[in-house]
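# Observations on the three-dimensional arrangement
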Amino acid sequence: MVIVGNLALHLALGTSLYAVFASVYGAQRRHAAFTASGRHAAFATVGLIAIASAVMVHALVVHDFSIKYVASYSSTTLPLRYRIAALWGGMEGSLLFWVLLLASLTALALVQNRDRNLELMPYVTATCMTVAAFFVSLLVFITPPFAKLAFVPAEGTDLNPLLQNYWMSIHPPSLYLGYVSWTIPFGFAIAALATGRLDDLWIRTSRRWALAAWFFLALGNLFGARWAYEVLGWGGYWAWDPVENAAFMPWLTGTAYLHSVMIQERKDMLKVWNLCLIILTFALTIFGTFLTRSGVISSVHSFTQSGLGPYFLGFLGAVLAVSIALLVRRLGELKPSHRLDSVVSRESAFLFNNLILLGIAFATFWGTVFPVLSEWVRGVKITVGPPFFNQVNAPLGIMLLFLMGVGPIVAWRRATVAKLVRTFAIPTSVGLVAGGIAFALGMRSLSAVLVTSLAAFVLQTIAHEFHRGARARMAMTSDGYLTAMLGLVGRNRRRYGGYVVHLGVVFMFLGVTMSSVYRVEEIHTVKPGASFNVGDFELRYDGVRDLSDDHVARLAADLTVHRDGREIASLHPEKRFYKRPEQPATEVDYRSTLSEDLYVILGSIGEDRSTATFQVYINPLVAWLWIGGVVLVIGTGICVLPTRFRRATERVEDTEAARTRGRLA
Amino acid sequence: MTRLAVLAIVFLTFGAGVASAGPREVEERLACQCGCGLTVHTCNHLQCSFAVPVREDVAKSLAAGQSEDEIIARYVAEYGEKVLSSPTHEGFNLLAWWGPYGALLLGAATLTLAMRRIARRSAVMTSETGPTDTATPELRARLERELEKVDS
């Protein structure tokens, strides 16, 4: 089987390189047979990478410990789902998985555009296959996934216990999907630059791809946060670790891109800016991969650390050089055809939103690389930890929240002072009242009061937008309120889906702020049968149970939780000791409600099990972070669902494509 | 084997992990050196060889009357600047704190200037080429109303 896997990888390198050559040659010489051949080579690459991946998964499932990777990341006692997840548990496997996703998405984009955008597609194929060829060449020449061991061990080292968790099974795939999907809109941008089709065709065609990439990156980050919350056992969910930052930065620039493309589509402005944003976002996905795998900056995500850093850095440099060169070549053709009517307008609100998003991305980048810079310049090692990022990014986040309320309601083109006062009077009053109530209820943290106030401001603007739209539709169609609302969303999915996403983000802001500012944290050492109080909760320690099996030794503490004299929950935090590799771990338990989470870690167990120490957190409103995530999923779903009535412009585009096809054929 | 592993848990975790309740502020100012990337306060390693003794030391030192800054200075003297969870507010490190805001201000200034220039150029283009010279105020107002409808 190993030979099949190796052969598939070598052939995939050939097919991906051929796809690049045939696509570019075909497009340059207007030779349809070559572009078709390039497309087929891309499909062949998917098939070959799928074969290599299947060989690896098979080896993991049947415990083929002759393969170094299988012996390093699995064992005979590892449950099946984690043996499959081990495909992305180590460096070589995760690279293979990455290229599998990339090739599959490229094929999907090719199928989707088989009859459309024929002018752009060869360059999209070439760009995506260049990236694929880079990753495959790493697998072929630098870190072969099917490397054999000199002897066959009876047992494998096993997957890192921290990765043996449900959320870890879905966190990397969604994150990788997010990273990889950005290649497609980047491919369209490069195609636009290469062909000179610099109108908004490339943006409209790749809009859903960009949204999908943004969505999966958001989901990947959220799943990672959830994993940290459930597994790492420090009561938090985001530690500003370099690798977390690496996934956060392209999400921020991607968010900026999704906003600014609206201006290009509507006003034919910001052409250069949008190209810059997509290049930057793609470059940041490669930079993120570099950070994860180089070990240049110390990170807890060392599962996939290797000596691949220089290759990624080189590739990143090449990507930037080629993209910038293409952009500079086309600068003269990228003049905006529309005009800016006023500095006070929705256009400028969007631009300032872009600025803040990029500001947060830069602050995150700056904090991530500053230790390296400090060592370089001063020769002094320093740490830039969570307090720095929280302190620097909090004001920027608050500004962003404010702009999220302003953007949707300030007028396009030109907003007069009178109009501004009229538009903002109610939302501002709602925000001020909410802030006042928060203060009256005892909230004294400035950031908490500000976020409460601004959240109310944004929520009011969103509610008003839905209400106003529904009323307008009622007047037009004589529908009932609810039907009008649904019709409104159905007909303007992108706009109202966007508002729903904003709603999710507001919930997240509230969850993150309140759980950070008002977290209660206590430590108690107790004997079985004894009770202790944390906040309004009374926790009784009932004893410890042994739940060990062949794979892991487990001790679970039983806690009964009372509130106001009523039993409300029983919690069972655990201490675990994995047998291969020998490693202790915690399994937290928590009771989650809309108002707060009661989160318990079993810190330690006394020598004769006579005592147990618990670290208990009360995290206010943290559930709203996850609820915000669900709302974000719903909002994105609304945005990407196909609209019943295609825009006239798209129909025109199809006709054009059909003409081009006729010419090429 | 299982019993041995259970004993190992008991042994490894006895008296470890979260036994001390040092003041959060000092612990948050110190970066854990075990590689977790967290502060001494939040390090989640059960028997962390750095965070656990530091938490105990911080608690003892505070009880003995040492100030927060004295404790921090002692750790910096021993481990260097890297023991601080955030860069200091002096010298080269000021660049870490103010770099993002400087970049933001620069971006905001550039953006405002660029927008003003574009808006001014747009206005000039409109007055040179537009038919507004002949438009009455009523017509202009009507045009604004219609455009508003389209945009909203």
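This structure is a prediction, so every number in the text was calculated from the model and none was measured. (Residues numbered from 1 in each chain as written. Chains lettered and ligands numbered in written order. Predicted model: local features only at pLDDT ≥ 70, side-chain atom pairs only at ≥ 80, totals over all residues. Heavy atoms only, no water.)

## Digging into the packing of aromatic side chains
All names here are of chain A. Inclusion rule: Only rings of Phe, Tyr and Trp enter the pairing, Trp through its six-membered ring, and a pair is recorded when the two centres are within 6.5 Å. The plane angle decides the type: under 30 degrees is stacked, over 60 is edge-to-face, the rest tilted. Under the DSSP-based scheme used, a helix requires at least four consecutive residues in state H or I and a strand at least two consecutive residues in state E, with every element numbered from the N terminus. Categorising residues by exposure relies on relative accessible area from a 1.4 Å probe, with only protein chains included: less than 20% of the type maximum marks a residue as buried, more than 50% marks it as exposed, and the intermediate range marks it as partly exposed.
Under the definition given, this model contains 50 aromatic pairs over all chains. Ring geometry for F186 and F282: centres 4.1 Å apart, planes at 10 degrees, overall stacked. Taken as a pair, F186 in helix α8 (residues 183–195) and F282 in helix α11 (residues 271–294) lie far apart in primary sequence, 96 residues in all. When its relative accessible area of 1% is taken as the criterion, F282 is described as buried.

## Structural notes on the environment of A51 of chain B
All names here are of chain B. Note the following rule: Should any heavy atoms of two residues lie within 4.5 Å, those residues are considered in contact.
Tracing the backbone shows A51 in helix α3 (residues 51–63). Classification of A51 by relative accessible area gives buried; the value is 0%. Spatially, the C-alpha atom of A51 lies 15 Å from that of S61, the residues being 10 residues apart in sequence. What A51 contacts, discounting residues up to four positions off in sequence, is C32, V40 and C43.

## Topic: the side chain of H524 of chain A
Looking at the element boundaries, H524 of chain A is found in strand β1 (residues 520–526). Once you skip the residues sitting within four places of it in the chain, H524 of chain A turns out to touch F532, N533, V534, A612, T613 and F614 of chain A.

## Some words on the sheet that holds strand β9 (residues 596–605) of chain A
Residue and element names in this part refer to chain A. Spelled out, the test is: Only when DSSP finds a minimum of two bridges between them are two strands counted as paired. Between N-to-C directions, angles cover 0 to 180 degrees, with each direction set by a line fitted to C-alpha atoms, over the stretch in contact for helices.
Spatial strand order, β1-β10-β9-β8: 4 strands in an open sheet with antiparallel pairing. Edge strands, defined here as strands with exactly one partner in the open sheet, are β1 and β8 (589–592). Averaged over all neighbouring strand pairs, the angle between strand axes comes to 15 degrees, with direction disregarded. Where helix α9 (residues 201–232) meets the sheet, its contacts fall on β8, β9 and β10 (612–620), and the angle it forms with β8 comes to roughly 125 degrees.

## A closer look at the pairing of strand β7 (residues 582–587) of chain A
All names here are of chain A. Note: strand β6 (residues 574–579) against β7, 6 bridges, orientation antiparallel. Its bridge partner being in β7, R576 is matched across the sheet by A585. A loop of 2 residues connects β6 with β7, the two strands running antiparallel in sequence.

## Thoughts on the nonpolar core
The condition is simple: Here, the term nonpolar core denotes a set of buried Ala, Val, Leu, Ile, Met, Phe, Trp, Tyr and Cys residues that are joined through side-chain atoms within 4.5 Å.
Counting 222 residues, the largest nonpolar core has W202, Y257 and F312 of chain A together with L30 of chain B as its most contacted members. Contacts of L30 of chain B, omitting those with residues within four sequence positions, involve T39, V40, V54, V58, I72, Y75, V83 and S85 of chain B. Core analysis: the second largest hydrophobic core is formed by 20 residues, F532, F537, L539 and L555 of chain A among them.

## Considering the side chain of T364 of chain A
Residue and element names in this part refer to chain A. Within the element layout of this structure, T364 appears in helix α13 (residues 346–377). For T364, a relative accessible area of 0% translates into the label buried. With residues near it in sequence (within four places) discarded, T364 still touches W240, N245, F248, M249, F389 and N393.

## Here's the deal with the environment of L139 of chain A
All names here are of chain A. Its location among the elements puts L139 in helix α6 (residues 121–142). Accessibility expressed as a relative area gives 1% for L139, which makes it buried. Each C-alpha atom of the pair L139 and S66 lies 18 Å from the other, and the pair is 73 residues apart in sequence. When near neighbours in sequence (up to four residues on either side) are disregarded, L139 contacts L9, E92, L95, L96, V99, P144 and P145.

## What to know about the pairing of strand β3 (residues 537–546) of chain A
Residues and elements named next belong to chain A. Both strand β2 (residues 531–534) and β3 contribute to a ladder of 4 bridges, which runs antiparallel. For F532, the partnering residue across the bridge sits in β3 and is L539. Strand direction decides the pairing type here: β3 and strand β4 (residues 552–563), joined by 9 bridges, are antiparallel. Each residue of the ladder has a partner; that of F537, found in β4, is R563. Hairpin connection between β3 and β4: a loop of 5 residues separates the two successive antiparallel strands.

## Comments concerning a nonpolar patch on the surface
This is how it is decided: Here a patch means residues that are over 30% exposed by relative accessible area and free of salt bridges, tied together within 9 Å if like-charged and within 5 Å if nonpolar (Val, Leu, Ile, Met, Phe, Trp, Tyr). Surface accessibility follows the Shrake-Rupley procedure with a 1.4 Å probe radius. Residue values consider only the protein chains on display as shielding. Any carboxyl oxygen of Asp or Glu that lies within 4 Å of a side-chain nitrogen of Lys or Arg is treated as forming a salt bridge with it.
Residues M1, I3, V4 and I51 of chain A make up a contiguous nonpolar surface patch of about 400 Å² in total accessible area. Given the relative accessible area of 69%, I3 of chain A is considered exposed.

## Details of the pattern of salt bridges
Residues and elements named next belong to chain A. Under the counting rule described, the total for this entry stands at 21 salt bridges over all chains. One salt bridge connects R330 with E333, and the closest N-O pair in it is separated by 3.1 Å. Among the residues examined, E333 registers a relative accessible area of 41% and is labelled partly exposed. A salt bridge links D558 to R545; its shortest N-O distance comes to 2.8 Å. You can see D558 sitting in strand β4 and its partner R545 sitting in strand β3, a full 13 residues away along the chain. Given the relative accessible area of 14%, D558 is considered buried. The class for R545 is partly exposed, based on a relative accessible area of 36%. Several salt bridges converge on common partners, so that one network encompasses R554, E574, R576 and E587.

## A few points about a positive patch on the surface
The following threshold applies: His is not counted, nor are the chain ends, whereas Lys and Arg count as positive and Asp and Glu as negative. Charged groups are reduced to one reference atom each: NZ for lysine, CZ for arginine, CG for aspartic acid, CD for glutamic acid.
Taken together, the side chains of K335 of chain A together with R116, R117, R120 and R121 of chain B make up a positively charged region of the molecular surface. Of note, K335 of chain A is situated in the loop between α12 (309–330) and α13. Among the residues examined, K335 of chain A registers a relative accessible area of 59% and is labelled exposed.

## Describing the packing of α13 of chain A against helix α14 (residues 386–409) of chain A
The description of two packed helices rests on the angle between their axes and on the distance between the axes. Residues and elements named next belong to chain A. Stated formally: For classification, angles of less than 35 degrees are called roughly parallel, those exceeding 145 degrees roughly antiparallel, those between 65 and 115 degrees roughly perpendicular, and all remaining angles oblique. For any helix crossing, the convention is left-handed if the near helix is rotated counterclockwise from the far helix by under a right angle, and right-handed if that rotation is clockwise. In this classification, Asp, Glu, Lys and Arg are treated as charged, Ala, Val, Leu, Ile, Met, Phe, Trp, Tyr, Cys and Pro as nonpolar, and every other residue, Gly included, as polar.
Contact pair α13 / α14: the axes reach a minimum separation of 9 Å and the direction vectors enclose 165 degrees. For the element pair α13 / α14, the angle class is roughly antiparallel. Relative to α14, the crossing made by α13 is left-handed. Considered class by class, the residues forming the contact of α13 with α14 number 16 nonpolar, 8 polar and 1 charged.

## Quick look at the packing of helix α7 (residues 166–181) of chain A against α9 of chain A
All names here are of chain A. Running from N to C, α7 and α9 point in directions that differ by 150 degrees, and their axes come no closer than 7 Å. With respect to their mutual orientation, α7 and α9 come out roughly antiparallel. Crossing hand, α7 versus α9: left-handed. The segment α7 lies against α9, with W167, M168, I170, H171, S174, L175, L177, G178, Y179 and S181 engaging W209, A213, F216, L217, L219, G220, N221, F223, G224, R226, W227 and E230.

## What to know about the confidence of the model for chain B
All names here are of chain B. Test applied: Think of pLDDT as the predictor's per-residue confidence, scored from 0 to 100.
Overall, the predicted model of chain B reaches an average pLDDT of 76, with 68% of residues at or above 70. When pLDDT is averaged over each helix and strand of chain B, the minimum, 46, is found for helix α1 (residues 2–13) and the maximum, 92, for helix α4 (residues 68–79). Within the model, pLDDT remains below 50 along residues 4–21, and this stretch shows 45 contacts once partners closer than five positions in the same chain are excluded. Overall fold confidence (pTM) sits at 0.87, and the ipTM for the predicted complex is 0.80.

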